[in-house]
Amino acid sequence: MLTNYKIYPNITTGVVNVDFEYTSNAALEVYDINGKLLINKKMIDTRNQVDISNLPSAMYLFKLVSERGEVVEKIVKQ
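Note that the coordinates shown come from a computational prediction; the quantities given were computed from them, not determined experimentally.

A.B. asks: Help me get a handle on the environment of Gly14, residues and values and all.
C.D. replies: Looking at the secondary structure, you find Gly14 in the loop between β1 (5–8) and β2 (15–20). Since its relative accessible area comes to 6%, Gly14 is described here as buried. On a C-alpha basis, the gap between Gly14 and Lys77 in space is 7.1 Å, while along the polypeptide they are 63 residues apart. Here Gly14 is in contact with Val50, Asp51, Ile52 and Ser53, once residues within four sequence places are set aside.

Written as structure tokens, this is what we have:
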């Protein structure tokens, strides 16, 4: 299970911050509520930003994946 991560803000209008201590072989995947993969981004820094301003207002699933495991957070875009 992943620890030492933060995905915020939850409720957003565009940019979502992803802070994660372990970036080696880590990626962030963003899915719509139907499970369609919309964004697949390699984590290169301990602090990353994902711009979802071009996506419609909805709930999205942010899946953080690394060698240490994975975690999914729900993010609402207004």
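A.B. asks: Mind laying out a nonpolar patch on the surface, listing which residues take part and the relevant values?
C.D. replies: A grouping of Ile11, Ile33, Met59 and Val76 is seen on the molecular surface, where their side chains present a nonpolar patch of about 320 Å² in accessible area. By the element assignment, Ile33 lies in the loop between β3 (27–32) and β4 (37–42).

Rules behind the numbers
- Residues numbered from 1 in each chain as written.
- Predicted model: local features only at pLDDT ≥ 70, side-chain atom pairs only at ≥ 80, totals over all residues.
- Heavy atoms only, no water.
- Helix = DSSP H or I, 4+ residues; strand = E, 2+ residues; numbered from the N terminus.
- Buried < 20%, exposed > 50% of the residue type's maximum accessible area, 1.4 Å probe, protein only.
- Contact = heavy atoms within 4.5 Å.
- Patch = residues over 30% accessible without salt bridge, like charges linked within 9 Å, V, L, I, M, F, W, Y side chains within 5 Å.
- Areas by Shrake-Rupley, 256 points an atom, 1.4 Å probe, with all protein chains shown as cover.
- Salt bridge = Lys/Arg side-chain N within 4 Å of Asp/Glu carboxyl O.

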